[in-house]
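Geometric and topological summary
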Amino acid sequence: MKFNKLFFAAVAFATLAMVGCKKNGQNEPTPVPGPDEEEVPECPAIDAPGAGSTTIAIYAEVCPRGCYIVGNSTPAGWNEKDDQSLLTPVQGADNWYSVTIPFFDDLQIKAIARPSDEDVELGWSYQWGKNYDPNDPGDLDESVENTKILAGTGEFEYENQGQPKLIHVADNGVIYIWVKNWAASPVIEAKKLETAWVKSNFNNEDWAWYEMTAKGDGVFEFEGIWGGNGCNINETGTDDGAQWYANPELIDDPKAGDKVLVTFVSEKMAIGQLSIKLLEKGQHDVVPAGNGTFVVTVANREYTDGDVCIFTGNFAEKSWGDSDRAMTYDAGTGKWSWTGEYPEDFEYKVIYNGSWAGGNNVKFDGSNYEATFEIQ
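So, how was this worked out
Residues numbered from 1 in each chain as written. Predicted model: local features only at pLDDT ≥ 70, side-chain atom pairs only at ≥ 80, totals over all residues. Heavy atoms only, no water. Helix = DSSP H or I, 4+ residues; strand = E, 2+ residues; numbered from the N terminus. Rg over C-alpha atoms; globule rule 2.2 N^0.38 Å. Buried < 20%, exposed > 50% of the residue type's maximum accessible area, 1.4 Å probe, protein only. Contact = heavy atoms within 4.5 Å. Areas by Shrake-Rupley, 256 points an atom, 1.4 Å probe, with all protein chains shown as cover. pLDDT = per-residue confidence, 0-100. Lys, Arg positive; Asp, Glu negative; His and termini not counted. Salt bridge = Lys/Arg side-chain N within 4 Å of Asp/Glu carboxyl O. Pairing = 2+ DSSP bridges. Axes fitted to C-alpha atoms, helices over the stretch in contact; angles between N-to-C directions. Phe/Tyr/Trp six-rings, centres within 6.5 Å; stacked < 30°, edge-to-face > 60°. Lys NZ or Arg CZ within 6 Å of the ring centre and 35° of its normal. Core = buried A, V, L, I, M, F, W, Y, C linked by side-chain atoms within 4.5 Å. Polar contact = N/O pair within 3.5 Å; in protein donor to acceptor, adjacent residues only side chain to side chain.

1. A word on the overall build of the chain
- Broken down by element type, the chain carries one helix and 28 strands.
- For the chain, the C-alpha radius of gyration of 22 Å lies close to 21 Å, the compact-globule estimate for 376 residues.
- Expressed as a percentage of the 376 residues in the chain, the buried residues total 50%.
- Taking the contacts inside the chain whose residues are at least 6 apart along the sequence as the reference set, 66% of them involve residues at least 24 apart.
- Accessible surface, the chain: about 17900 Å² in total, of which carbon and sulfur atoms supply 45%.

2. What to know about the confidence of the model for the chain
- Residue-level pLDDT values for the chain average 88, and 90% of them are 70 or greater.
- Below a pLDDT of 50 lies the segment residues 1–20, which in the model reaches 55 contacts outside its immediate sequence neighbourhood of four places, other chains included.

3. Some points on the side chain of Asp-345
- Its location among the elements puts Asp-345 in the loop between β24 (335–342) and β25 (347–352).
- Of the buried charged residues, Asp-345 lacks a salt bridge, with Lys-281 as the closest side chain of opposite charge at 6.2 Å.
- Apart from the residues within four sequence positions on either side, Asp-345 is in contact with Lys-255, Ala-256, His-284, Asp-285, Val-286, Val-287 and Asn-314.

4. Comments concerning the sheet that holds strand β19 (residues 271–280)
- On the basis of which strands lie adjacent, the open sheet formed by five strands has the order β13-β14-β18-β19-β17 and mixed pairing. Sheet topology places β13 (213–216) and β17 (249–251) at the edges, where each strand pairs with a single neighbour. Averaged over all pairs of adjacent strands, the angle between their axes in this sheet comes to 25°, without regard to strand direction.
- With three bridges joining them, β13 and strand β14 (residues 219–225) adopt antiparallel strand pairing. Bridge pairing in β14 places Thr-213 opposite Glu-221.

5. Observations regarding the sheet that holds strand β5 (residues 96–102)
- Pairing is mixed across the open sheet formed by five strands, whose spatial order is β4-β5-β2-β10-β7. Single-partner strands in this sheet number two, and they are β4 (88–89) and β7 (147–151).

6. Regarding the pairing of strand β21 (residues 309–313)
- Taking burial as the measure, the five residues of β21 include five buried ones, the bulk of the element.
- The two faces of β21 match: Cys-309, Phe-311 and Gly-313 on one face and Ile-310 and Thr-312 on the other face are all buried.
- Where β21 meets strand β22 (residues 325–326), two bridges bridge the pair, whose relative direction is antiparallel. Bridge pairing links Phe-311 to Arg-325 in β22.

7. What about the packing of aromatic side chains?
- One pass over the structure, following the stated rule, counts 33 aromatic pairs.
- Consider the rings of Trp-78 and Trp-124, whose centres lie 6.3 Å apart with planes at 40°: the pair is tilted. One end of the pair, Trp-78, is in the loop between β3 (67–70) and β4; the other, Trp-124, is in the loop between β6 (108–113) and β7, and 46 residues separate them in sequence.
- Judged by centre distance (4.9 Å) and plane angle (25°), the rings of Phe-311 and Trp-338 are stacked. Here Phe-311 is found in strand β21, whereas its partner Trp-338 is found in strand β24, with 27 residues between them in sequence. Each of the two residues, Phe-311 as well as Trp-338, counts as buried.
- Pairwise contacts between aromatic rings join Phe-294, Phe-311, Phe-315, Trp-338, Tyr-342, Phe-346, Tyr-348, Phe-364, Tyr-369 and Phe-373 into one cluster.
- The residue whose ring lies beneath Lys-110 is Trp-124, and the NZ or CZ to ring-centre distance is 5.4 Å.

8. A word on the nonpolar core
- In terms of nonpolar packing, the biggest core is built from 55 residues, with Ile-56, Ile-58, Leu-166 and Ile-177 touching the most fellow members.
- Those residues in contact with Ile-177 that lie beyond four places of it in its chain are Ile-56, Ala-57, Ile-58, Tyr-59, Trp-96, Trp-128, Thr-147, Lys-148, Ile-149, Leu-150, Phe-156 and Leu-166.
- Membership of the second largest hydrophobic core comes to 20 residues, among which are Trp-338, Tyr-342, Tyr-348 and Phe-364.

9. Examining the side chain of Asn-314
- Following the sequence through the fold, Asn-314 ends up in the loop between β21 and β22.
- Overall, Asn-314 belongs to the buried group, its relative accessible area being 16%.
- Reaching out from Asn-314, the side chain makes a polar contact with the backbone oxygen of Asp-345 at a distance of 3.1 Å.
- From its side chain, Asn-314 meets the backbone nitrogen of Glu-347 in a polar contact 2.9 Å long.
- When residues no more than four places from it in sequence are discounted, the contact partners of Asn-314 are Gly-228, Ser-319, Trp-320, Pro-343, Glu-344, Asp-345, Phe-346 and Glu-347.

10. Remarks on the pattern of salt bridges
- Scanning all chains against the criterion turns up 15 salt bridges.
- The partner of Lys-81 in a salt bridge is Glu-80, with the nearest N and O atoms 2.9 Å apart.
- When salt bridges that share partners are traced, they join Lys-110, Glu-157, Glu-159 and Lys-165 into one network.

11. Focus on the pairing of β14
- Residues of β14 alternate between two faces, with Phe-220, Phe-222 and Gly-224 buried on one and Val-219, Glu-221, Glu-223 and Ile-225 left unburied on the opposite face.
- Two successive antiparallel strands, β13 and β14, enclose a turn made up of two residues, where Asp-217 displays a positive phi of approximately 55°.
- Looking at chain direction, β14 and strand β18 (residues 259–268) are connected through seven bridges and run antiparallel. Bridging across to β18, Phe-220 finds its partner in Phe-264.

12. As for unusual backbone geometry
- Phi is positive for Asn-160, which is not a glycine, with a value near 50°.
- Residue position: Asn-160 is located in the loop between β8 (155–159) and β9 (163–167).
- A positive phi is found at Asp-252, a non-glycine position, where the angle reads about 70°.
- Counting through the fold element by element, Asp-252 comes out in the loop between β17 and β18.

The following block contains the structure:
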């Protein structure tokens, strides 16, 4: 999967008057939008933070309990559940929030909204919304731009069919970003779904959405051949507003390739309980669990001191997005390695500096411990 980079460093300040931002603390005329144009928020005047720091300012009309940033070299790292870098309201500027963090050349940033219901877990479901990526559009229309840079130095790098990651921000700079929509609304409605869809790599196919059968009172079911991974749930069958369930409850020890019953119990829209129950063992040779050293080549990244490559898979504990299994880099071979216990019918991938490898999972065959990945 290729990155699509949108560069704003050279042109953003030249177009401040056109987007209605303040320049050097002075108000510039804001053009009146036409009938088919959207009204662009006016950027408040925020002082530069000083050398060694950078400031992220976000405009979001839907932000019930604020938002926070995570990313490479941020205080939280890529821990999507760590909201220590919380943006605070900008005085005198409705719906604007900002945070100042230490500057690093390799900063990579995403913003995540805190859901309105404090009982709902923080997570990637509420990151800033996708944009259309012509190199990997998914189901997005060309006009989709949920997250937009209004002013300042920085650019977006895309992954996972349009998820923006902010890079190349400025030392002693302020960047202004408009979050029109979050990936899923952080306003949590206390009602059950009436329809539900599930997304995973069922039936030995690529990842796709499947409509679930409503059983009444917010309970939904789906039968299929399990791919061994977590699932997304939503009410529309599109990626918008999807909730990610990395570790559903497993009943009767299902494995990849088995026929399973997927049950979702809706509590608050797409938030609820997800289980996967074995119905029938698949006709496949089981690759036994064991201990080994896996060696990975990352084909489209050049190693820089401080890079982190996480080894992840269908482990019983800390699987997929929860993995903290840091691999070791060998400068002589240019490869990464991890040694440890792996489960039966093992599948794996890597996460490089917070970005997932593209393509399908590698299914370990019991003998070949090497694989090559390209990062999205």
